[in-house]
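Next come the chains, spelled out residue by residue.
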Amino acid sequence: MAGPERMPDLSRNIVLIGPMGSGKSTVGAALARRMGRPHVDTDHFFVARHGSIAEYFVQRGESAFRAEEERVVAELLDAPRPSVISLGGGSVLSSRTREALAEQLVVMLDLTEQQAAQRLGDGSSRPVLGDDPVTAWRRIYAEREALYRECADVVVEPAEGTIDQRVDTIVRALRAVH
């Protein structure tokens with residue numbers, strides 16, 4: 001039987017970023033289990049604190065949402081116990097968040113447009129997608145891709161495969177950069 005895996009720097013958070021539909025929440029939860037860390041999803045944390053993101057958008061607007069999202073991300077990144085944290089797709093729009101990410105281990109999960117179309121469906125749960133989710137996703141991805149890549153220590157290219165296979169890829173990549 002093999003010994004324990006050599007894990008990356010356990011004093012820092014591992015933060016998953018990437019476009020909508022890339023699997024940050026699902027992969028983040030599996031990665032946290034593998035690493036014996038808590039997992040926090042910033043969108044879920046936001047919802048627990050403020051209610052539906054879609055309703056927040058409607059009632060207060062995107063700029064108010066982004067400001068509160070920035071506060072939530074900062075709070076979670078500063079928590080005393082290192083965690084695996086899945087960020088919402090637009091979190092990297094904040095320069096303060098990007099600066100804070102420089103102190104973390106950051107993994108970008110990428111996906112293809114075809115994968116996004118399959119995973120997002122009609123987009124009804126994603127307020128920024130509107131009536132044409134694939135076109136909106138393509139535009140948003142083009143606007144954010146450089147920010148994702150700028151922040152990432154590791155980029156996990158689009159892949160089909162199991163969640164465990166994606167986690168294996170991330171653990172190997174993090175070991176290589178640590």
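Residues numbered from 1 in each chain as written. Predicted model: local features only at pLDDT ≥ 70, side-chain atom pairs only at ≥ 80, totals over all residues. Heavy atoms only, no water.

**Student:** Mind laying out the pattern of salt bridges, listing which residues take part and the relevant values?
**Tutor:** Applying the stated criterion across every chain, the model contains 11 salt bridges. Arg-34 is the partner of Asp-168 in a salt bridge, and the nearest nitrogen-oxygen pair spans 2.8 Å. Here Asp-168, found in helix H8 (residues 163-177), pairs with Arg-34, found in helix H1 (residues 24-35); they are 134 residues apart in sequence, far enough to count as distant. By relative accessible area, which is 29% here, Asp-168 ends up partly exposed. Linking Arg-71 and Glu-68 is a salt bridge whose minimum nitrogen-to-oxygen distance equals 2.8 Å. With Arg-71 and Glu-68 both in helix H4 (residues 62-77) and three residues apart, this pair spans about one turn of that helix. Taking the relative accessible area as the measure of exposure, Arg-71 reaches 49% and is therefore partly exposed. With relative accessibility at 10%, the residue Glu-68 sits in the buried group. One network of salt bridges, in which partners are shared, links Asp-110, Glu-145, Arg-149 and Glu-157. (Salt bridge = Lys/Arg side-chain N within 4 Å of Asp/Glu carboxyl O. Helix = DSSP H or I, 4+ residues; strand = E, 2+ residues; numbered from the N terminus. Buried < 20%, exposed > 50% of the residue type's maximum accessible area, 1.4 Å probe, protein only.)

**Student:** Would you mind going over the sheet that holds strand S2 (residues 39-41) in detail, with residue names and values included?
**Tutor:** Strand order in the open sheet formed by five strands is S2-S3-S1-S4-S5, and the pairing between neighbours is parallel. Strands at the two margins of the open sheet, each flanked by one partner only, are S2 and strand S5 (154-156). With strand direction ignored, the average angle separating the axes of adjacent strands in the sheet is 20°. Pairing of strand S4 (residues 105-109) with S5, which is carried by three bridges, proceeds in the parallel orientation. Paired with Leu-109 across the bridge in S5 is Val-156. Relative to the sheet, helix H7 (residues 133-151) contacts strand S1 (14-17), S4 and S5, its axis offset from that of S4 by approximately 145°. Its contacts with the sheet place H8 against S1, S4 and S5, and it is angled at close to 160° to S5. (Pairing = 2+ DSSP bridges. Axes fitted to C-alpha atoms, helices over the stretch in contact; angles between N-to-C directions. Contact = heavy atoms within 4.5 Å.)

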